[in-house]
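Next come the chains, spelled out residue by residue.
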Amino acid sequence: MTGEELSELPGAGEVERFCTALAVEQGASAHTVRAYREDLRAYLAWARRSGLSPWEVSYRQLRRYLAELDQAHYARTTIKRHLSSLRSFFRWANRAGVTASDPAGVVQAPKAARRLPKTIARDDMAALLAVYGEVDADGAPREQTAAEMRDAALLEFLFSCGARVSEAAGLRLAWVDFPAGEVKVFGKRSKERIVPLSRKGARAMERYLNEARSDLLQGQASEFFFVSNRGRPLSADGIRKMFKRALRAAGLDESLSPHAMRHSFATELLDGDADLRSVQDMLGHASLSTTQIYTHVSPDRLKRVHGLAHPRA
């Protein structure tokens, strides 16, 4: 894609009117308006190079434009954004009486490549969980501060339950049932689920609750299970920052997010021959197809299933 100035291109005035409508009528941010303007500049430049009026292209010609973006090695997400910009633009142009055609409305967006979730290898997970644990990576006992007991419990909780960061931040005392070995979490759209606690996860969480939480509260009361050093509910951002510090201390890839703990939780369950439906319930996925991506991350499980089920294995 070349770098023609927008003002030099046929249709530039209409693009500016559209961008003004975006900002004034829809309250779009300056960043959003800038992105739309740049996408439409690229489209107008392509139309001029192709000898086409930007208002009289067919959907096949528009598909050819998107194919050229693909050939230029644009990411599929970027191509989908360009098409979204064109759809919005043509809808506005129809309402404004600029054109009666809408070729973008019938063009299908390219399917985005599905990325396999990042997981943490078993040895790396052990090193990560030992950063704030009561024993170090070599198994030697270590002194823990109250904050370290909390962070150790938090890491164990994330891995033990496959919880999201938002679910850990919102966890209430009343939702943790140590005698039953389970915890209640509220996920997306306030959907409730019950997840079993691992033995080590429960131990770390009970130790934090009995030996550290009151020190962090400093005489305050809180219904939240995990609290900050000042006795306030520990925020999702605070959890992410703690996770980055733990990665650094364990010598692991700092680009990992706490969500990798959730991915690792699911993969370990499948490697242990858990059925897909149970994993779906524990993760709180609305659709089984969302959970199925973990079967691609767990080749060992697929080999075992193949070996047990295939008549020629």
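Scroll up for the structure.
Counting restarts for each chain: residues are numbered from 1 in the order of the written sequence. Under the rules for a predicted model, residues below a pLDDT of 70 receive no local features and side-chain atom pairs below 80 are neither given nor counted, while totals for whole chains, interfaces and linings still include all residues. The basis for the side-chain values is all heavy atoms of the structure; hydrogens and waters are excluded.

Caption draft 1: Representation of the overall build of the protein in the model. For the protein, the count of helices and strands is 15 helices and 3 strands. By residue count, 42% of the 313 residues in the protein fall in the buried class. All accessible-area figures derive from a Shrake-Rupley calculation using a 1.4 Å probe, and residue coverage is judged against the displayed protein chains alone. Counting every atom, the protein has about 17000 Å² of accessible surface; 49% of that belongs to carbon and sulfur. Working definition: helices are DSSP H or I runs of at least four residues, strands are E runs of at least two. Numbering for both runs from the N terminus. For every residue, the accessible area obtained with a 1.4 Å probe (protein chains only) is divided by the maximum for its type, and the residue is called buried under 20%, exposed over 50%, and partly exposed between those limits.

Caption draft 2: Region of interest: the pattern of salt bridges. The term salt bridge refers to a pairing of a side-chain nitrogen on Lys or Arg with a carboxyl oxygen on Asp or Glu at a separation within 4 Å. If you walk through the whole model with that rule in mind, you get 14 salt bridges. In this structure, Arg81 and Asp39 form a salt bridge, with 2.6 Å as the shortest nitrogen-oxygen distance. With a gap of 42 residues between them, Arg81 in helix H4 (residues 76–95) and Asp39 in helix H2 (residues 30–49) connect regions that are remote in the sequence. The partner of Glu211 in a salt bridge is Arg207, and the shortest N-O contact between them spans 3.7 Å. One end of the pair, Glu211, and the other, Arg207, are both in helix H8 (residues 199–211), 4 residues apart, so they sit about a helical turn from each other. Put simply, Glu134, Arg203, Arg207 and Glu211 are held in one network by salt bridges that share partners.

Caption draft 3: Quick peek at the environment of Ser84. Looking at the secondary structure, you find Ser84 in helix H4. Classification of Ser84 as partly exposed rests on a relative accessible area of 35%. Separated by 45 residues in the primary sequence, Ser84 and Asp39 place their C-alpha atoms 9.5 Å from one another.

Caption draft 4: Fine view of the packing of aromatic side chains. Any pair of Phe, Tyr and Trp rings, taking the six-membered ring for Trp, is counted once the centres come within 6.5 Å. Such a pair is stacked with planes under 30 degrees apart, edge-to-face with planes over 60 apart, and tilted for the rest. Inspection of every chain in the model, using the stated rule, returns 16 aromatic pairs. Centre to centre, the rings of Phe89 and Trp92 are 6.1 Å apart; their planes meet at 10°, and the pair counts as stacked. One end of the pair, Phe89, and the other, Trp92, are both in helix H4, 3 residues apart, so they sit about a helical turn from each other. According to the relative accessible area criterion, Phe89 is buried, its value standing at 0%. Relative accessible area serves as the criterion here: at 9%, Trp92 is assigned to the buried category. Three or more aromatic residues joined by ring pairs form one cluster here, namely Phe18, Tyr36, Tyr43, Trp46, Trp55, Tyr65, Phe89, Phe90 and Trp92.

Caption draft 5: Structural view of helix H3 (residues 59–71). A helix is expected to span 1.5 Å multiplied by its residue count minus one. End to end, H3 covers 18 Å across 13 residues, agreeing with the expected 18 Å (1.5 Å per residue, within 8%). Within the sequence span of H3, burial applies to Leu62, Tyr65, Leu66 and Leu69. Down the axis of H3, the buried set is contained in an arc of 95°. They therefore lie on one face. Opposite the buried face of H3, by more than 90 degrees, sit the exposed residues Arg60 and Gln71. Contact criterion: two residues are considered in contact whenever any of their non-hydrogen atoms come within 4.5 Å of each other. Buried positions along H3 lie against H2 and H4. Summarising the geometry, the arc corresponds to the directions from the helix axis toward the C-beta atoms.

Caption draft 6: Quick peek at the sheet that holds strand S2 (residues 182–186). Strand order in the open sheet formed by 3 strands is S1-S2-S3, with antiparallel pairing between adjacent strands. The open sheet has two edge strands with one neighbour each: strand S1 (176–177) and strand S3 (192–196). Two elements, S1 and S2, share 2 bridges in a ladder whose sense is antiparallel. When the bridges of S2 are listed, Val176 appears paired with Val183. Only strands that DSSP links by at least two bridges are regarded as paired with each other.

Caption draft 7: Region of interest: the pairing of S3. Here S3 shows one buried face, formed by Arg193 and Val195, and one open face, formed by Glu192, Ile194 and Pro196. Strand direction decides the pairing type here: S2 and S3, joined by 5 bridges, are antiparallel. Within the sheet, the bridge partner assigned to Lys184 lies in S3 and is Ile194.

Caption draft 8: Main features of the side chain of Glu156. Mapped onto the elements of the fold, Glu156 is located in helix H6 (residues 146–161). Beyond its immediate sequence surroundings of up to four residues, Glu156 is in contact with Leu129, Lys200, Gly201 and Ala204.

Caption draft 9: Seen up close, the packing of helix H1 (residues 12–25) against H2. Where H1 contacts H2, the axes come no closer than 10 Å and their chain directions differ by 160°. Comparing the axis directions of H1 and H2 gives the class roughly antiparallel. Remark: the crossing between H1 and H2 carries right-handed chirality. Each of Ala12, Val15, Glu16, Phe18, Cys19, Leu22 and Ala23 in H1 lies in contact with H2, whose residues at this interface are Val33, Tyr36, Arg37, Leu40 and Leu44. Under the grouping applied here, Gly and all other residues not named as nonpolar or charged are polar, the nonpolar ones being Ala, Val, Leu, Ile, Met, Phe, Trp, Tyr, Cys and Pro and the charged ones Asp, Glu, Lys and Arg. Partitioned by chemical class, the residues of the contact of H1 with H2 number 10 nonpolar, no polar and 2 charged. Fitted lines through C-alpha atoms give the axes, limited to the stretch in contact for helices. The angle between two N-to-C directions lies from 0 to 180 degrees. For classification, angles of less than 35 degrees are called roughly parallel, those exceeding 145 degrees roughly antiparallel, those between 65 and 115 degrees roughly perpendicular, and all remaining angles oblique. By convention, the crossing between two helices is left-handed when the near helix turns anticlockwise from the far helix through less than a right angle, and right-handed when the turn is clockwise.

These results come straight from atomic positions and should not be treated as a statement about function.
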